[in-house]
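Take a look at the letters that make up each chain.
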Amino acid sequence: MVKLDKIYTRSGDKGKTRLATGEPVDKWNPRVTAYGSVDEVNAALGVAVLSAEGEMKTQLQRIQNDLFDLGADLATPERDKPLGFEPLRIVAEQTRRLEAEIDEMNAELSPLDSFVLPGGTALAAQLHVCRTICRRAERDVASLAGVVDEKVSEHALSFINRLSDWFFVASRFANDKGNADIKWKPGANR
Amino acid sequence: MVKLDKIYTRSGDKGKTRLATGEPVDKWNPRVTAYGSVDEVNAALGVAVLSAEGEMKTQLQRIQNDLFDLGADLATPERDKPLGFEPLRIVAEQTRRLEAEIDEMNAELSPLDSFVLPGGTALAAQLHVCRTICRRAERDVASLAGVVDEKVSEHALSFINRLSDWFFVASRFANDKGNADIKWKPGANR
Amino acid sequence: MVKLDKIYTRSGDKGKTRLATGEPVDKWNPRVTAYGSVDEVNAALGVAVLSAEGEMKTQLQRIQNDLFDLGADLATPERDKPLGFEPLRIVAEQTRRLEAEIDEMNAELSPLDSFVLPGGTALAAQLHVCRTICRRAERDVASLAGVVDEKVSEHALSFINRLSDWFFVASRFANDKGNADIKWKPGANR
Ligand code: B12
Ligand code: B12
Ligand code: B12
Ligand SMILES: C[C@H]1O[C@@H](n2cnc3c(N)ncnc32)[C@H](O)[C@@H]1O
Ligand SMILES: C[C@H]1O[C@@H](n2cnc3c(N)ncnc32)[C@H](O)[C@@H]1O
Ligand SMILES: C[C@H]1O[C@@H](n2cnc3c(N)ncnc32)[C@H](O)[C@@H]1O
Ligand SMILES: [Mg+2]
Ligand SMILES: [Mg+2]
Ligand SMILES: [Mg+2]
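Since the structure is predicted, the reported quantities are computational estimates derived from the model, not experimental observations.

Asker: How do you make sense of the pattern of salt bridges when you look at a structure like this?
Answerer: Where side chains of opposite charge bring their charged atoms close, a pairing between them can arise. Scanning all chains against the criterion turns up 54 salt bridges over all chains. The partner of A:Glu101 in a salt bridge is A:Arg62, and the shortest N-O contact between them spans 2.5 Å. Pair noted here: A:Glu101 is in helix α3 (residues 92-106) and A:Arg62 is in helix α2 (residues 54-75), with a separation of 39 residues, a long-range link. Between A:Asp181 and A:Arg172 there is a salt bridge, with the nearest N and O atoms lying 2.7 Å from each other. Grouping residues by exposure puts A:Asp181 and A:Arg172 together as buried. Each member of the salt-bridge network shares a partner with another, and the members are A:Glu40, A:Arg136, B:Glu40, B:Arg136, C:Glu40 and C:Arg136.

Structure below.
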């Protein structure tokens, strides 16, 4: 169980830190970057929650909890020898729930024939912020998975990929079900 | 024409994606990073629009549209053989409009003899957020341009460079035309 | 003394810029990235200030000023030959003040046995945004310090490390002294 009491330990002042397994790493290690970016998505979600109500708020807070599962998954890498304990991993069901929620929201939206300008209501605008940070986190997770000898669970990758699509659809949903969307007009100001 | 209907395709779950030309690339490819960061600026702008009115709002939304032109430009690289179609590119006129708007706003501001603490009104504060993300996007675009064999159009670089200066001046303008600016006092808390 | 009057100079349109010493560098140089990320933390703080009052507001604005000291420190590297002027450096006292403020706030909070979902009040939510960007800035500063031949002052590293802990504690403090915190439940949605 995680304990947070003293908060600062000064141990990271030289640029080193530890994974959940206790393994020492540089702070700019791609794995630390990956869960650090996931933490950043989670913080942007905290701002989105400020403007959400009802089912949307429930869903956003569930995703926040899931993102800590994802952080735990990323912070506990498989190495050559067994971990000696059961790690917490993202499971397929978590990505499937995102897909079900996307399908439900998307059913009420009209299809688009151009990109939408991020914005609209306060909630819609902030969900675009979440979306774009989520895609940065996805790049960081994918980049980690691309490093030789570093493993990332397949469900971690599909979860973060689907999550940015969830944010896109939720953003349109929060913008009068897409009716208030302003579309990109290619080259309009030239 | 871009179509957005199904939204999730699951095709990116292994960390690969495609440029606008169809060329397959890793998600952490510097070109994808560059247009992903531009998308992040655009999302921050969506939040700024929430506090803007009148001409400022018009200008912010025009810049949002321009940023999709920039995204399209970056997503469509020149390679050795011809594209076979006319790509959408940022043109000099788009940077020139930013300069004209900077000059117009700057004419009403007093010159500064120190940096300003980001903040002030809600709009001014958010324009500093846009500014700093824009400068990160600029670093990513410049970094892409620095990769051997990768080309970035000169107008893409000048547009993103000028845009952060636009945000700086607009932010001061939105903070009682700079009269409410709080200045940095070097070493004040030592 | 820093002068900001013309704002755009067009000199950065080819992806090059200069450090405070006049040394020419690429825009994506790790040192430029480091102070650029610090600037991003500062912008997020500008948004936090919008919801802060009293002592908290004073503290946030003092940190903003300190972050420009940090930016100046990072922008003025020691090289082989003497600078010829006294550089502005972060001093131990600045980190110590953060620690004292953490201790004071933390004394009023109950210890935690899990991570908290970022969010709560508007101020608490935005302080988590500051926290996560600050940790990204820390990764960038630590990464710079890890580059051969690049020096970063020890106080710069400890300041940025302590600052994210300050944001964590301040966020809990701003969320009804931690009483409104929602905790992570590992694997709750599986
Ligand atoms: C990874 C990590 C993070 C990551 C990701 C976490 C996530 N899940 O998303 C992020 C970046 C979010 C993070 C943030 C913070 N963190 Co942190 N974090 C950790 C770390 C390394 C692992 C936590 C974790 O997720 N574990 C996975 C979960 C599932 O583990 P668990 O609850 O212990 O359960 C497992 C174990 O019990 C395990 N188990 C059973 N038997 C055995 C045997 C062995 C040998 C092992 C290894 C495990 C094991 O089985 C369970 C299931 O897998 C811990 C240090 C540590 N090693 O515990 C610090 C730690 C908890 N964090 C710390 C701090 C200070 C913070 C921040 C305040 C930093 C900041 N300023 O931002 C924030 C708080 C964020 C918040 N919102 O509350 C400190 C707390 C210090 C203190 N005592 O007060 C710690 C202890 C690190 C340290 N030494 O400084 N953190
Ligand atoms: C680059 C890109 C992005 C970038 C940058 C876009 C920009 N302009 O700024 C960013 C990161 C913003 C982005 C975001 C998203 N995207 Co996107 N994006 C693309 C991509 C690869 C290119 C789009 C583009 O800008 N094209 C340039 C414009 C000018 O092209 P155009 O309108 O087609 O016009 C040109 C062509 O017709 C061309 N032409 C004429 N003849 C020929 C012949 C050939 C062979 C070619 C290649 C071209 C060509 O000439 C015109 C002028 O140049 C497309 C896939 C694709 N290849 O189309 C996906 C795509 C449109 N995106 C997709 C998705 C899902 C999204 C997001 C929802 C993802 C997310 N969760 O965040 C968001 C939505 C953002 C929003 N606000 O609406 C999906 C849509 C799936 C669907 N059918 O529902 C697509 C189809 C990718 C995919 N297969 O999954 N995207
Ligand atoms: C580093 C830097 C930044 C960094 C970090 C700054 C920080 N402190 O956190 C960041 C990223 C924040 C930044 C942002 C911006 N910046 Co700037 N920045 C600089 C730079 C390179 C150094 C400034 C600095 O911090 N100096 C350190 C302080 C302590 O120095 P000082 O006040 O001069 O005092 C020292 C000197 O006098 C020194 N000294 C004494 N004798 C001698 C002799 C020599 C030879 C030297 C070198 C020094 C020296 O001793 C003092 C103590 O050390 C200057 C260019 C330059 N070289 O001055 C541009 C500069 C000031 N920035 C500029 C601009 C445009 C901006 C932005 C508007 C860009 C944007 N669009 O976002 C923003 C504004 C931000 C804001 N909120 O106000 C322009 C201003 C152009 C103009 N005249 O209008 C400049 C001049 C760069 C340029 N040529 O374009 N900036
Ligand atoms: C919609 C388009 O966005 C690009 N794409 C796919 N994944 C990411 C990501 N994580 N970040 C930025 N861009 C991405 C691809 O080019 C895709 O086709
Ligand atoms: C104002 C100062 O900011 C630095 N600079 C120039 N471009 C960028 C960027 N994209 N990101 C961060 N810093 C930058 C240079 O040092 C310049 O002089
Ligand atoms: C709380 C946990 O966060 C990780 N950690 C330490 N420093 C950083 C940082 N700058 N960014 C992201 N994660 C970090 C370590 O794993 C630490 O134990
Ligand atoms: Mg995707
Ligand atoms: Mg510039
Ligand atoms: Mg730390």
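We are not done yet, so read on.
Asker: Got a minute to help me understand the relation of the copies chain C and chain A in this structure?
Answerer: Note that the two copies of the chain are related through a rotation about an axis and a translation along the same axis. With an RMSD of 0.0 Å, chain C superimposes on chain A once it is rotated by 120° and translated 0.0 Å along the axis. Here the transformation between the copies is reduced to the relation of a three-fold axis.

Asker: Quick question: what am I supposed to make of the site of ligand 3 here?
Answerer: Inspection of the region around ligand 3 gives 29 residues, with B:Val116, B:Arg131, B:Asp165, C:Asp5 and C:Ile7 positioned closest. At ligand 3, the nearby residues belong to more than one chain, namely chains B and C. Within the contact set of ligand 3, a nitrogen atom lies 2.8 Å away from a backbone nitrogen or oxygen of B:Val116. B:Asp165 has a polar side-chain atom sitting 2.8 Å from a nitrogen atom of ligand 3.

Asker: Would you mind showing me how to read the interface of chain C and chain A here?
Answerer: Quoted interface sizes are often the accessible area lost when the parts come together. Taken together, the 46 residues of chain C in the interface contact 40 residues of chain A. Counting each side, the surface lost to burial between chain C and chain A is near 3,500 Å², with a carbon and sulfur contribution of 58%. Three residues, C:Arg139, C:Asn189 and C:Arg190, lead the burial of chain C against chain A; their summed loss comes to 20% of the area buried on that side. On inspection of chain C and its partner chain A, the count reaches 17 residue pairs in polar contact (both at pLDDT 80 or more). At the level of secondary structure, the elements contributing two or more residues to the side of chain C that touches chain A comprise α3 (92-106), α4 (122-146) and α5 (154-173) of chain C. The element contributing the most residues to the side of chain C that touches chain A is α4(C), with 15 residues.

Asker: Sorry, what's going on with α4(C) here?
Answerer: Count 3.6 residues to each turn of an α-helix, and residues three or four apart come out pointing the same way. Over its 25 residues, α4(C) runs 36 Å from end to end, which matches the ideal 36 Å to within 8%, given 1.5 Å per residue. Most of α4(C) sits inside the fold, with 19 of its 25 residues counted as buried.

Each value, and the rule that gives it
- Residues numbered from 1 in each chain as written.
- Chains lettered and ligands numbered in written order.
- Predicted model: local features only at pLDDT ≥ 70, side-chain atom pairs only at ≥ 80, totals over all residues.
- Heavy atoms only, no water.
- Salt bridge = Lys/Arg side-chain N within 4 Å of Asp/Glu carboxyl O.
- Helix = DSSP H or I, 4+ residues; strand = E, 2+ residues; numbered from the N terminus.
- Buried < 20%, exposed > 50% of the residue type's maximum accessible area, 1.4 Å probe, protein only.
- Least-squares fit on C-alpha atoms with pLDDT ≥ 70 in both.
- Near = heavy atom within 4 Å.
- Polar contact = N/O pair within 3.5 Å; in protein donor to acceptor, adjacent residues only side chain to side chain.
- Contact = heavy atoms within 4.5 Å.
- Buried area = accessible area lost by both parts, 1.4 Å probe.
- Expected span 1.5 Å × (residues − 1).

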